[in-house]
Amino acid sequence: MNPLRVGVIGVGHLGYHHARIYTELLETKLVGVMDIDEERAASVGETLQVPYYSDLDEFLTKARPDALSIVVPTVAHYEVAKRIMEKNIHVLIEKPVTKTVNEAEDLLKIAAKRNLVLQVGHIERFNSAVQYVRGICKPPFYIQTRRLGPFSSRVADVGVVLDLMIHDIDIILSLVGSEISEISAYGRSIYTEHEDIASAHLTFKNGTISHILVSRVSEKRLRTLEIMEKERYITLDYESQDVSIHRCIRDNGMGLMEVIEHPVFPKHEPLKMELQHFISCVREGRQPMVGIADGKRALEVAIEVLRQIHNNMVSLQNSIKTSR
């Protein structure tokens, strides 16, 4: 079977790794990279020894890709994806899928009409530890996630909700499998005009409660997921891909003894697993594990979280003015 012709639009930090992995996969042939920053496009193209472009139309005409990764700023996702899909090219679009829910719905219609694969880049779904936990997880009654790290100016077009929290929103939605009944959220800006730290509580109709904390102003780097079930407490480290399972057993009727299990399972590079999945979906004509409907649902929740944060910040500012 001939390799699938693939390309990458937007070869910044993450886009470069999309392109790198495509050169490593036997099922794909990287036919080019494109970035509006001509120097960056040239640098990546020369490093990976593939054609490079700074004009989208020229890229599509000369490279003739079958499938593309879109790794451009969120504000440009919709227009770029729409132009590409209207040329019958399959797309993997990085999270968040679009800036608005209406844009996501429009892309969904285009993909359905043209029978295209449209995958959303929620990379944590392909984390080996997450996939292991999904296979053993029982209905949880509480989930807590923490995604913290020091400040970096690399991501400036969005705040932590669309940059970081949306990962955890997607994971929690996939694990709980119930509609949300209530959302409350708080946040504040520290170094940028967007929220740099945020906290959200999600309550589900089946009774599950979840708490999400994200920050890009923490000196400590942390990426964890904790799940409370009726008889187990599961912890997951996204970065090390380690899982611990805690349970208490009765010690001959004299009391409780904690038992901790550390399951062993194969660990893989999440981005490589994500791109391999995308390519297999294109080849087999099947829907991806994280499709546009998943991306749209996570975006809807993230937008409501942002609305709550904005309202609470305005309320706090008014309260401060009144007290003066």
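Cut-offs applied
- Residues numbered from 1 in each chain as written.
- Predicted model: local features only at pLDDT ≥ 70, side-chain atom pairs only at ≥ 80, totals over all residues.
- Heavy atoms only, no water.
- Salt bridge = Lys/Arg side-chain N within 4 Å of Asp/Glu carboxyl O.
- Helix = DSSP H or I, 4+ residues; strand = E, 2+ residues; numbered from the N terminus.
- Buried < 20%, exposed > 50% of the residue type's maximum accessible area, 1.4 Å probe, protein only.
- Pairing = 2+ DSSP bridges.
- Axes fitted to C-alpha atoms, helices over the stretch in contact; angles between N-to-C directions.
- Parallel < 35°, antiparallel > 145°, perpendicular 65-115°, else oblique.
- Contact = heavy atoms within 4.5 Å.
- Nonpolar A, V, L, I, M, F, W, Y, C, P; charged D, E, K, R; others polar.
- Arc of directions from axis to C-beta.

**Student:** Lay out the pattern of salt bridges with the relevant residues and their values.
**Tutor:** What the rule picks out here adds up to 21 salt bridges. The salt bridge involving K62 is made with E58; its shortest N-O contact spans 2.9 Å. Of this pair, K62 and E58 both sit in helix 3 (residues 56-63), four residues apart, which is roughly one turn of that helix. Taking relative accessible area as the criterion, E58 reaches 31% and is therefore assigned partly exposed. Residue R125 pairs with D294 through a salt bridge whose shortest N-O separation is 3.4 Å. Remark: D294 occurs in helix 9 (residues 292-323) and R125 occurs in the loop between strand 6 (118-121) and helix 6 (128-136); sequence separation between them is 169 residues. For R125, a relative accessible area of 5% puts it in the buried group. For D294, a relative accessible area of 27% gives the class partly exposed. Several salt bridges share partner residues, and in doing so they unite R20, E24, E269 and K272 into one network.

**Student:** Provide a residue-level description of the sheet that holds strand 8 (residues 180-188), including the pertinent values.
**Tutor:** Working definition: the strands of a sheet are paired by backbone hydrogen bonds and lie parallel or antiparallel to each other. Here we have eight strands laid out as an open sheet, ordered 8-9-10-7-11-12-13-14, and mixed in their pairing. Either end of the sheet is taken by a strand with one partner, and the two such strands are strand 8 and strand 14 (256-261). Averaged over all pairs of adjacent strands, the angle between their axes in this sheet comes to 10 degrees, without regard to strand direction.

**Student:** Outline the packing of helix 4 (residues 77-85) against helix 5 (residues 101-114), listing residues and values.
**Tutor:** Where helix 4 meets helix 5, the closest approach of the two axes is 10 Å, and the angle between their N-to-C directions is 10 degrees. By the angle class used here, helix 4 and helix 5 are roughly parallel. Across the interface between the two elements, Y78, A81, K82 and M85 of helix 4 pack against E103, D106, L107, I110, A111 and R114 of helix 5. Looking at the contact of helix 4 with helix 5, its residues break down into six nonpolar, no polar and four charged.

**Student:** Give a description of helix 3 that names residues and reports values.
**Tutor:** Of all the residues in helix 3, the buried ones are L56, F59, L60 and A63. Buried residues in helix 3, looked at end-on, bunch into an arc of 95 degrees, giving them a common side. Counted as exposed and oriented over 90 degrees from the buried face of helix 3: T61 and K62. The positive-phi residue at the C-terminal boundary of helix 3 is R64, with phi of around 50 degrees.

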